[in-house]
Amino acid sequence: MSDIPVGASARCHRCGTVLMSPRRGAMTRIVMLAATAAILMIAAIFFPFLQLDAGGLSRTSSVMGAVMAFSGAGMLPLSVAVAALIVVLPLGRFLALAYALAPMALGWHPARHAAVAFRWAEAAKPWAMAEIFIVGVAVALVKVAGLAKVTPGPAFWAFAALVLVTVLKDTFMCRLTIWKTLEERRRS
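From a predicted model like this one, the values you see are computed outputs, not experimental measurements.

Structural notes on helix 4 (residues 114–124)
Logical step 1: Every buried residue of helix 4 is accounted for by Ala114, Ala115, Ala117, Phe118, Ala121 and Ala124.
Logical step 2: Against the buried residues of helix 4 lie helix 3 (76–105) and helix 7 (175–187).

Thoughts on the sheet that holds strand 5 (residues 149–152)
Logical step 1: Judged by pairing direction, the sheet is antiparallel, and its three strands sit side by side in the order 4-3-5 without closing on themselves. Lying at the two open borders of the sheet, with one neighbouring strand each, are strand 4 (57–62) and strand 5. Ignoring which end each strand starts from, the neighbouring axes of this sheet average 15 degrees apart.
Logical step 2: Bridge count for strand 3 (residues 48–54) against strand 4 is six bridges, and the pairing is antiparallel.

A look at the packing of aromatic side chains
The geometry of an aromatic ring pair comes down to the distance between the two centres and the angle between the two planes.
Logical step 1: Summed over all chains, the structure comprises four aromatic pairs.
Logical step 2: Measuring from centroid to centroid gives 5.7 Å for Phe49 and Phe156, while their planes differ by 70 degrees, and the two rings are edge-to-face. In this pair, Phe49 is assigned in strand 3 and Phe156 in helix 6 (residues 154–172), connecting sequence segments 107 residues apart. Here Phe49 and Phe156 have matching classes, each one buried.
Logical step 3: Seen from their ring centres, Phe118 and Trp179 are 5.0 Å apart, and the 70 degrees between their planes marks the pair as edge-to-face. With Phe118 in helix 4 and Trp179 in helix 7, this pair connects stretches of sequence that are 61 residues apart.
Logical step 4: Take Phe118: its relative accessible area is 0%, and that puts it in the buried class.
Logical step 5: Residue class for Trp179 comes out partly exposed when judged on its relative accessible area of 29%.
Logical step 6: One aromatic cluster is present, formed by Phe49, Phe156, Trp157 and Phe159 through successive ring pairs.

Focus: the confidence of the model for the protein
Logical step 1: Across the protein, pLDDT averages 85, with 96% of residues at or above 70.
Logical step 2: Averaged over each element, pLDDT in the protein is lowest for strand 2 (residues 18–20) (69) and highest for helix 4 (93).

Concerning helix 6
Helical periodicity: at 3.6 residues per turn, an α-helix aligns residues three or four positions apart in one direction.
Logical step 1: Here helix 6 is 19 residues long and its end C-alpha atoms lie 27 Å apart, about the 27 Å a rise of 1.5 Å per residue gives.
Logical step 2: Taken together, the buried positions of helix 6 are Ala155, Phe156, Ala158, Phe159, Leu162, Val163, Val165, Thr166, Lys169 and Phe172.
Logical step 3: On its buried face, helix 6 sits against helix 1 (26–46), strand 3, helix 2 (63–69), helix 3, helix 5 (130–144) and strand 5.

Quick word on the state of the cysteines
Logical step 1: Enumeration over the complete set of coordinates arrives at zero disulfides.
Logical step 2: No disulfide involves Cys12; its sulfur sits 3.7 Å from that of Cys15, the nearest cysteine.

Reading guide: rules and limits
Residues numbered from 1 in each chain as written. Predicted model: local features only at pLDDT ≥ 70, side-chain atom pairs only at ≥ 80, totals over all residues. Heavy atoms only, no water. Buried < 20%, exposed > 50% of the residue type's maximum accessible area, 1.4 Å probe, protein only. Helix = DSSP H or I, 4+ residues; strand = E, 2+ residues; numbered from the N terminus. Contact = heavy atoms within 4.5 Å. Pairing = 2+ DSSP bridges. Axes fitted to C-alpha atoms, helices over the stretch in contact; angles between N-to-C directions. Phe/Tyr/Trp six-rings, centres within 6.5 Å; stacked < 30°, edge-to-face > 60°. pLDDT = per-residue confidence, 0-100. Expected span 1.5 Å × (residues − 1). Disulfide = S-S within 2.5 Å.

Structure below.
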């Protein structure tokens, strides 16, 4: 495969899918966006997510509270699944991307297991469902809004920002360029 100049794109002749699109400074941006996403995820876990007010009663919930709510009454597997898919996998994916790409963004050799970390981050992408969670919450909010006063908390907005940061990160990422850079820097 020939080298693609920075700023250009290589597309599939049959379907038009972008195969390679190197950009100047993309690794630095990806690392910064992954670190930002990790910080937003940690904030989203512990801050209040929603407050419901209905009939004089008020209830505040957090993501961690939602995970723990499923842990009783024989629903522990559901609690583990919710924690893994909404919290652990996305956070682990952001940290793995930062670990794999940060040394190369600084111009250094890749970290010791950077290829393994990047491969894991790519494999975990379909299972890291923070984006799906926020869409589900938005749909539920529309349904509940007629029954109670719903006030989004800081964690809700952190999750919303997390979705935007994740989309930006994925936009900057050219997987083939990352694999090529990993291979070149490992040899040198």
